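One-letter residues, chain by chain:
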Amino acid sequence: MSARRSSSCCGCARCGRVDRAAARLFRESRELWVPSSSTIARVDARFLTPLEFHQQFVSRNCPVILTHAMHNWPAMKTWTSVHSLLLTNRIHPNTLVSVNCSPDGRADRVRRDLNLFVKPAKRSIPFSLFTRLVTAQSNHQHKPSYHAPKSNKDNTAAAVDGGGNDDGDADGDEEYGVVYMSEQDDVLRREFGELMEDVSEVGVARDVFGGRLDAVNLWIGSGAAESALHKDHYENIYCVLSGAKQFTLLPPCDAVFLREKRWKQGTYRFDRASRRWTVDVDEGDDEVPWVEEEVEEVEEAVGGRLIKVVVGRGEALYLPALWFHHVTHVEPTIAVNFWYDMDFNAPLYVLSKFLRNATRAESDASSPSPSSQSSSSSSFNSCQDEDDNDDGEHAAF
C-alpha cells in the first residue's frame, strides 16, 4: 500500500520511507482507533450521557450509530414515506421545493472523462411532482440520456431554469433525470420551517456541540441517487426517518492514499431541443478541491478494508468531521442531518492538512530540481502559499 504521489516521483529511498510510513499509519490506525464494519458501535442514545458521548466518540473522532435517537420525534410517526408527507399535508402538494437533478443520480462528483467537477442542475418543482418522480425512480431502473458537453469556447454556461413540463406529464419526466432533495444550505429551516416542530436536535449532540449548529438539512431520494466520496468540515448527526442508507467510511488519516486536487467546475443541463443531458463549463476560475477516485478504486487500493455500515429507520450516525464518506440508498429514504461547526482550533484540522500536503511535498522533493541550492525557507514559503489556496475546501457539498 503506497501513499498517493505524482507521476514525477523518482522512487528514491525517501519515497520508500513515505510508503512504509503510510502503510504503518494505515495498520496502526486500524489496530488502535478505527473501527471495522463489524465493530462500529451501536449505542442506545436514551442511556448515553453527554459526557460518555464526548469521551468515547467525539474526543476520539470516532463514528457511532445511535439507536433510539429520535424515539420522541413526531416525525417518526408521520414521516414514514415521501407519500406520507403528502397525504398528511405536512408539505402541501403545490409547495415548490428545491431539488437536484442529474442524468444518473451521480452529481457533485469528479468526471475524469471531462476533467471537471460536475454539479447537478437545480430545479424548483411542486412537491407532488417530486413525490411522483421519486416513486417512479424507486420502482424501476432509471436509464438516462447523456452526451458529451457542448463546445463552450466563450466559457459561458447556459442557464438552468425551473421551467418546462412541471404539471406532472410523464412524457416530460426525462428532463428531470434522477431527482434528489439534497440541498445543504439549512434547507429544512429555510424552506420547511413548519416541519421543524416534528424534529429536534439529538440530546447528546446538542449538549456536547452547544451553539455550533450551522445547518439542518432534509434528504429525500431513491436508490438511484448517491453521494460521491468526500469529506465535510462539520460534526454530522445523520438521522434516518424512513428507509435505509449505506455509508462507506474512511478516517481522515487515509488522505495519504487519496488523490485530492482542485477541479474546474461544470453543471448538468437538460437540453430540451435534443432531449439529452449535457454539461456546461462554469464561468470564472473557481475550483473545488475533491477526491479523484471512485470508492471502488479506493476499496481495491486498501485491500477491501473500508468501513461499510447501514443506517436504518430510527437510527442516527455520528459522522465525525473530516471523515471521508460515500453514501448510497439501500431503499428510498427520508433523512434529516444536523451540521455542527467543527473546532478549527484543535489539532485535527491542522494534522489532516499536514497529511495531505506532506504527500505533495514528497512528490515535489523527489522530482528533479533545476537547482539544489533552494533554501528551506523558500520551500516553506512555497508550501505555505499552496496551503493558503485551500480555503475553498471549507465549502461542503
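Residues numbered from 1 in each chain as written. Predicted model: local features only at pLDDT ≥ 70, side-chain atom pairs only at ≥ 80, totals over all residues. Heavy atoms only, no water.

The description of an aromatic ring pair rests on the distance of the ring centres and on the angle between the ring planes. All chains considered together, the criterion is met by 16 aromatic pairs. Ring geometry for F209 and Y318: centres 6.2 Å apart, planes at 35°, overall tilted. Of this pair, F209 sits in helix α7 (residues 203–209) while Y318 sits in strand β15 (residues 315–319); the two residues are 109 residues apart in sequence, bridging distant segments of the chain. Just as F209 is buried, Y318 falls in that class too. Both rings, one in F270 and one in W277, keep their centres 5.6 Å apart while their planes meet at 70°; by these two values the pair is edge-to-face. This pair shows no difference in class: F270 is buried, exactly as W277 is. One aromatic cluster is present, built from ring pairs that chain together F53, F209, Y318 and Y340. In this structure, K261 is placed above the aromatic ring of W263, and the distance from its NZ or CZ to the ring centre is 4.5 Å. (Phe/Tyr/Trp six-rings, centres within 6.5 Å; stacked < 30°, edge-to-face > 60°. Helix = DSSP H or I, 4+ residues; strand = E, 2+ residues; numbered from the N terminus. Buried < 20%, exposed > 50% of the residue type's maximum accessible area, 1.4 Å probe, protein only. Lys NZ or Arg CZ within 6 Å of the ring centre and 35° of its normal.)

Let us look at the nonpolar core. Core analysis: the largest hydrophobic core is formed by 59 residues, its most contacted members being F53, L66, W79, F130, L218 and I237. At five residues, helix α5 (residues 127–139) tops the list of elements feeding residues into this core. Residues contacting I237, with those up to four places away along its chain left out, are F53, V202, A205, A316, L317, Y318, V336, N337, F338 and Y340. (Core = buried A, V, L, I, M, F, W, Y, C linked by side-chain atoms within 4.5 Å. Contact = heavy atoms within 4.5 Å.)

Let us now look at the confidence of the model for the protein. One rule of thumb: low pLDDT means the predicted coordinates there are not for detailed reading. A residue-level look at the protein finds 78% of positions with pLDDT of 70 or above and a mean pLDDT of 83. pLDDT under 50 marks residues 361–389. Its contacts with residues more than four places away, or in other chains, come to 18 contacts. Note on residues 391–397: pLDDT is under 50 here. Beyond four places in sequence and across chains, it has 23 contacts. (pLDDT = per-residue confidence, 0-100.)

What follows deals with the pattern of salt bridges. Applying the stated criterion across every chain yields a total of 29 salt bridges. Salt-bridge contacts for E294 lead to R109; the nearest nitrogen and oxygen are separated by 2.7 Å. Linking E294 in the loop between β13 (287–291) and α8 (295–301) with R109 in strand β4 (residues 109–111), this pair joins segments that are 185 residues apart in sequence. Judged by relative accessible area, R109 falls into the buried class, the value being 3%. (Salt bridge = Lys/Arg side-chain N within 4 Å of Asp/Glu carboxyl O.)

In an α-helix there are 3.6 residues to a turn, and that puts residues three or four apart on one side. Compared with the 18 Å implied by 1.5 Å per residue over 13 residues, the 18 Å span of α5 between its first and last C-alpha is a close match. Inspection of α5 places F127, L129, F130, T131, L133, V134 and Q137 among the buried residues, and these make up the whole buried set. Against α4 (82–87), β3 (96–102), β6 (121–126), β7 (178–180) and β8 (213–221) lie the buried residues of α5. (Expected span 1.5 Å × (residues − 1).)

With respect to the helices, strands and loops of the structure, F130 is situated in helix α5. F130 gets classed as buried once you look at its relative accessible area, which sits at 0%. When neighbours within four sequence positions are excluded, F130 is seen to be in contact with V82, V97, V99, I125, V179, Y180, M181 and I220.

Our focus in this paragraph is the environment of N115. By secondary structure assignment, the location of N115 is in the loop between β4 and β5 (116–119). The spatial distance from the C-alpha of N115 to the C-alpha of W263 is 7.3 Å, given a sequence separation of 148 residues.

Once that is clear, we can look at the sheet that holds β7. One open sheet holds the three strands; their spatial order is β6-β3-β7, and the pairing between them is antiparallel. Two strands close off the open sheet at either side, each with one partner strand: β6 and β7. Sheet twist, expressed as the mean angle between neighbouring strand axes with direction ignored, is 45°. Against the sheet, α5 makes contact with β3, β6 and β7, and its axis sits at roughly 115° relative to β6, the strand it touches most. (Pairing = 2+ DSSP bridges. Axes fitted to C-alpha atoms, helices over the stretch in contact; angles between N-to-C directions.)

With respect to the helices and strands, the residue N337 is situated in strand β16 (residues 324–341). Here W219 takes part through its side chain, which lies 2.8 Å from a polar atom of the side chain of N337. Within the structure, N337 has its side chain in polar contact with the side chain of N236 (distance 3.0 Å). Residues in contact with N337, not counting those within four places in the same chain, are A215, V216, N217, W219, N236, I237 and Y238. (Polar contact = N/O pair within 3.5 Å; in protein donor to acceptor, adjacent residues only side chain to side chain.)

What follows covers the side chain of E226. Its place among the elements puts E226 in strand β9 (residues 226–230). For E226, a relative accessible area of 17% corresponds to the buried category. At 3.0 Å, the side chain of E226 and the side chain of H326 are in polar contact. Excluding its chain neighbours within four sequence positions, the residues that come into contact with E226 are G105, R106, R109, H326, V327 and T328.

So, on to helix α2 (residues 50–58). The set of residues buried in α2 consists of F53, F57 and V58. Seen end-on, α2 carries its buried residues on one side only, within an arc spanning 70°. Lining the buried residues of α2 we find β1 (42–44), β2 (64–67), α7, β10 (234–250) and β15. (Arc of directions from axis to C-beta.)

Attention shifts here to the pairing of β5. Alternating positions in β5 separate into two faces, L116 and V118 on one and F117 and K119 on the other, with burial throughout. Taken together, the three bridges between β4 and β5 define a ladder with antiparallel strand orientation. Bridge pairing links V110 to F117 in β5. Between β4 and β5, which pair antiparallel in sequence order, lie four residues; one of them, N115, sits at a positive phi of approximately 55°. Bridging between β5 and strand β11 (residues 260–271) involves three bridges; their strand directions are parallel. Paired with F117 across the bridge in β11 is Q265.

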